[in-house]
Amino acid sequence: MYDYDLLVVGSANADLVIGVERRPGAGETVLGSDLAVHPGGKGANQAVAAARLGARTALLARVGDDAHGRLLLDSQRAAGVDTAGVLVGGAPTGVALITVDPSGDNSIVVSPGANGRLTPADVRAAASLLHASRVVSAQLEIPLETVVEVVRGLAPDSRFVLNPSPPRPLPPEVLAACDPLIVNEHEAKVLLGEDGVEDGVEGSVSDAPEDWARLLLAKGPRSVVVTLGAEGALVASAQGVTRLPAVKVTAVDTTGAGDAFTAALAWRLGAGSSLAEAAAYASRVGAAAVTGQGAQDSFPTAAEVEAL
Ligand code: RIB
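The rules behind each value
- Residues numbered from 1 in each chain as written.
- Predicted model: local features only at pLDDT ≥ 70, side-chain atom pairs only at ≥ 80, totals over all residues.
- Heavy atoms only, no water.
- Helix = DSSP H or I, 4+ residues; strand = E, 2+ residues; numbered from the N terminus.
- Expected span 1.5 Å × (residues − 1).
- Buried < 20%, exposed > 50% of the residue type's maximum accessible area, 1.4 Å probe, protein only.
- Near = heavy atom within 4 Å.
- Polar contact = N/O pair within 3.5 Å; in protein donor to acceptor, adjacent residues only side chain to side chain.
- 1 Å grid on protein atoms, 1.4 Å probe; cavity = no way out; pocket = protein on both sides within 12 Å on 5 of 7 lines; lining within 4 Å.
- Sits in = over half its atoms within 2 Å of the grid points.
- Axes fitted to C-alpha atoms, helices over the stretch in contact; angles between N-to-C directions.
- Parallel < 35°, antiparallel > 145°, perpendicular 65-115°, else oblique.
- Left-handed = near helix turned anticlockwise from the far one by under 90°.
- Contact = heavy atoms within 4.5 Å.
- Phe/Tyr/Trp six-rings, centres within 6.5 Å; stacked < 30°, edge-to-face > 60°.
- Lys NZ or Arg CZ within 6 Å of the ring centre and 35° of its normal.
- Points joined across faces, edges and corners; volume = space filled by probe spheres on them.
- Nonpolar A, V, L, I, M, F, W, Y, C, P; charged D, E, K, R; others polar.
- Core = buried A, V, L, I, M, F, W, Y, C linked by side-chain atoms within 4.5 Å.
- Pairing = 2+ DSSP bridges.

Side note on helix α1 (residues 42–53)
Here is step 1 of the chain: Helix length check: α1 (twelve residues) gives 17 Å between terminal C-alpha atoms against 16 Å at 1.5 Å per residue, within 8%.
Here is step 2 of the chain: Within α1, eleven of the twelve residues are buried, leaving the element largely enclosed by the surrounding structure.
Here is step 3 of the chain: Positive phi shows up at G54, right after α1, with a value of about 115 degrees.

Okay, structure coming up:
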């Protein structure tokens, strides 16, 4: 019935990556590795991750008419993503400046560029793509009003998945559509804001991810997933809260692992898995994704996930 298992509406960035012994503090200069340029961006990463797993995937995004834009389009097409919805022009392609330390942790600064020009009108013009997609996924490296338009344009029985990264307060209309809302610790705390403050104690946010999940659920999403890195993940819905163990691997570069997790989860949900089953599978995909350098280059195939 649907042409696509997953439509990703989101960002596409050229990732400019430097390895460092430690990330610099304010006012400090450190020397790092040679520069590597990889295709990235949370939306483009999700699309490549899903397609590599075997999902019929499309991307609605905007890139510049430049070398970075062509790098991103090539990467999408090589993974088998339908790029008919990728618009070109209006601003330079988004760029992410990334430092990665020896533990695999990263720091990222994004210049949105063309991502910031993906407008509600672009979403309305892509209505046929939205109606052809079983699951639609978004992030927040594109304008929030564009994400609102995505929610308004969903087919009646399609499913919406949101990773609110980078986080900002969300309107009730968007929160109510999320099934699930997928957050890490930082994103959970930003979205909870004052609601995460324990017993009215100023500045004291509960340390229990189960509490974050319950409080987030009370804000309107149909379900919530909290990713906890090496501590695994937990899923929450009206049926209750379930914690899932982490898959143990040695991290080389965590960039894009959350995007691979989200894409895998969205795809499995569309295929009929329960939230806990889909999150368990997504944890294995996310684990595989941290074992290689860069974002998209490290995403596994379904066979590689099975072998993990
Ligand atoms: O989630 C990882 C991504 O965040 C990187 O690829 C970078 O482009 C930023 O968007």
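What to know about the site of the ligand
Here is step 1 of the chain: Around the ligand, the neighbouring residues are N13, D15, G40, G41, K42, N45, A96, I108, E141, G256 and D259.
Here is step 2 of the chain: Separating an oxygen atom of the ligand from a side-chain N or O atom of D15 is a distance of 2.5 Å.
Here is step 3 of the chain: Take N45: an N or O atom from its side chain is 3.0 Å from an oxygen atom of the ligand.
Here is step 4 of the chain: Taken atom by atom, the bulk of the ligand overlaps the largest pocket.

Digging into the packing of α1 against helix α9 (residues 257–270)
Here is step 1 of the chain: Between α1 and α9, the least distance of the axes is 8 Å, while the angle of their chain directions is 50 degrees. Taken together, α1 and α9 sit at an angle that is classed as oblique. Judged by the sense of rotation from one axis to the other, the crossing of α1 with α9 is right-handed. For the pair formed by α1 and α9, the contact residues are K42, N45, Q46, A49, A50 and L53 on the first element and D259, A260, T262, A263, A264 and W267 on the second.

Considerations on the packing of aromatic side chains
Here is step 1 of the chain: Going through the model one piece at a time under the given rule, you end up with one aromatic pair.
Here is step 2 of the chain: With a centroid separation of 6.3 Å and 65 degrees between ring planes, the pair formed by W267 and Y281 is classed as edge-to-face. Pair noted here: W267 is in helix α9 and Y281 is in helix α10 (residues 275–289), with a separation of 14 residues, a long-range link. We note that W267, like Y281, is buried.
Here is step 3 of the chain: Taking the ring centre of W267 as reference, the NZ or CZ of R268 above it sits at 4.5 Å.

Notes on the side chain of S133
Here is step 1 of the chain: Following the sequence through the fold, S133 ends up in strand β8 (residues 133–138).
Here is step 2 of the chain: By relative accessible area, which is 0% here, S133 ends up buried.
Here is step 3 of the chain: Of the polar contacts made by the side chain of S133, one reaches the backbone oxygen of L129; its length is 2.7 Å.
Here is step 4 of the chain: If we skip the residues at most four places from it in the chain, S133 touches Y2, Y4, L7 and S158.

Notes on unusual backbone geometry
Here is step 1 of the chain: Each neighbour pair has its own omega, and for S165 with P166 the value is -5 degrees, a cis peptide bond.
Here is step 2 of the chain: Tracing the sequence through the fold places P166 in the loop between β9 (159–162) and α6 (172–177).
Here is step 3 of the chain: In this structure, P180 follows D179 across a cis peptide bond, with omega equal to 15 degrees.

What to know about empty space enclosed by the protein
Here is step 1 of the chain: Tallying each qualifying case throughout the model produces one cavity of 30 Å³ or more.
Here is step 2 of the chain: In this structure, the largest cavity spans a volume of roughly 30 Å³.
Here is step 3 of the chain: Lining of the largest cavity is provided by A12, A44, L59, A61, V63, L72, L73, Q76 and V86.
Here is step 4 of the chain: Elements with a minimum of two residues in the lining of the largest cavity: β4 (57–63) and α2 (67–79).
Here is step 5 of the chain: In terms of residue class, the lining of the largest cavity is built from eight nonpolar, one polar and no charged.

Things to note about the nonpolar core
Here is step 1 of the chain: Counting 45 residues, the largest nonpolar core has L53, L59, V225, L265, Y281, V285 and F299 as its most contacted members.
Here is step 2 of the chain: Of all the secondary structure elements, the ones that give two or more residues to this core are β1 (4–9), α1, β4, α2, α9 and α10.
Here is step 3 of the chain: In terms of residue count, α9 provides more of this core than any other element does, nine residues in total.
Here is step 4 of the chain: Within the second largest apolar cluster, 41 residues are counted, among which are L140, V147, V174 and A188.

Focus on the environment of V37
Here is step 1 of the chain: Locating V37 in the fold gives a position in strand β3 (residues 36–40).
Here is step 2 of the chain: Put simply, V37 and A14 are 23 residues apart on the chain and 6.7 Å apart in space, counted from C-alpha to C-alpha.

Some remarks on helix α5 (residues 144–152)
The periodicity of an α-helix, 3.6 residues per turn, causes residues three or four places apart in sequence to face the same way.
Here is step 1 of the chain: Here α5 lies mainly inside the structure; seven of its nine residues are buried.
Here is step 2 of the chain: For α5, the set of buried residues is L144, T146, V147, V148, E149, V150 and V151.
Here is step 3 of the chain: Looking at the buried residues of α5, the elements they touch are β1, α3 (120–125), α4 (127–131), β8, β9 and α6.

Considering the sheet that holds strand β12 (residues 233–237)
Here is step 1 of the chain: In space, the nine strands of this open sheet follow the order β5-β4-β1-β8-β9-β10-β11-β12-β13, with mixed pairing throughout. Each end of this open sheet is capped by a strand with a single partner; those strands are β5 (86–88) and β13 (240–244). Mean inter-strand twist for the sheet, computed between neighbouring axes without regard to direction, equals 15 degrees.
Here is step 2 of the chain: The sheet contact formed by β1 and β8 spans five bridges and is parallel. Within β8, the position partnered with V9 by the bridge is A138.

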